[in-house]
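Secondary and tertiary structure notes
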Amino acid sequence: MRNSPQDRLADVAAAAVEVAVESAAAGTYTGGVGRALSAVIAKVGARIILDAELRGFSSGWQEAVAALTAEPPAPAAAAPVFRMPARPGGAERT
């Protein structure tokens, strides 16, 4: 099973909240602990964004190279043309 980037970030945020709760329960929660947990979430979020950008660039680049090297597709059969029935009363409205 493959986790989405949102799921990974949600898991990290949930873990950080659990650590904060445990730290508060132990009486050791400080501003420094809060800043450290926030920094962890920010770092993981930045990595997720960078990974997504690189993956998007890589797949886009591969599509572009494939389009340049691929042979042009064979001409398709002509599309069928269906005529619309004439309007009752004759002429077109303007």
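Whatever comes next refers back to the structure up there.
First things first, this report covers the structure right here in the doc.

Thresholds, definitions, all that
- Residues numbered from 1 in each chain as written.
- Predicted model: local features only at pLDDT ≥ 70, side-chain atom pairs only at ≥ 80, totals over all residues.
- Heavy atoms only, no water.
- Helix = DSSP H or I, 4+ residues; strand = E, 2+ residues; numbered from the N terminus.
- Expected span 1.5 Å × (residues − 1).
- Buried < 20%, exposed > 50% of the residue type's maximum accessible area, 1.4 Å probe, protein only.
- Arc of directions from axis to C-beta.
- Contact = heavy atoms within 4.5 Å.
- Axes fitted to C-alpha atoms, helices over the stretch in contact; angles between N-to-C directions.
- Parallel < 35°, antiparallel > 145°, perpendicular 65-115°, else oblique.
- Nonpolar A, V, L, I, M, F, W, Y, C, P; charged D, E, K, R; others polar.
- Patch = residues over 30% accessible without salt bridge, like charges linked within 9 Å, V, L, I, M, F, W, Y side chains within 5 Å.
- Areas by Shrake-Rupley, 256 points an atom, 1.4 Å probe, with all protein chains shown as cover.
- Salt bridge = Lys/Arg side-chain N within 4 Å of Asp/Glu carboxyl O.

1. A few points about helix α1 (residues 5–26)
Since there are 3.6 residues in each turn of an α-helix, residues three or four apart along the chain are aligned in direction. With 22 residues, α1 extends 32 Å from end C-alpha to end C-alpha; this agrees with the ideal 32 Å at 1.5 Å per step. For α1, the set of buried residues is Ala-16, Ala-20 and Ser-23. Down the axis of α1, the sector holding all buried residues measures 65°, keeping them to one side. Away from the buried face of α1 by more than 90 degrees, exposed residues Val-17, Glu-18, Val-21, Glu-22, Ala-25 and Ala-26 are located. Against α2 (31–69) lie the buried residues of α1. Note on α1: the residue one or two positions beyond its end, Gly-27, has a positive phi of about 80°.

2. Focus on the packing of α1 against α2
Closest axis-to-axis distance for the α1/α2 pair is 10 Å, and the angle between their directions is 170°. Judged on the interaxial angle alone, α2 and α1 are roughly antiparallel. Counted together, Pro-5, Arg-8, Leu-9, Val-12, Ala-13, Ala-16, Val-19, Ala-20 and Ser-23 of α1 and Val-33, Leu-37, Val-40, Ile-41, Val-44, Gly-45, Ile-48 and Asp-51 of α2 form the full contact between these two elements. For the contact of α1 with α2, a count of residues per class yields 13 nonpolar, two polar and two charged.

3. Remarks on a nonpolar patch on the surface
Taken together, Phe-57, Trp-61 and Val-65 make up a surface patch of nonpolar side chains, about 350 Å² in accessible area. Counting through the fold element by element, Val-65 comes out in helix α2. For Val-65, a relative accessible area of 39% translates into the label partly exposed.

4. A look at the environment of Asn-3
Tracing the backbone through its elements, the reader meets Asn-3 in the segment before α1. Setting aside chain neighbours within four positions, we find Asn-3 in contact with Arg-8 and Asp-11.

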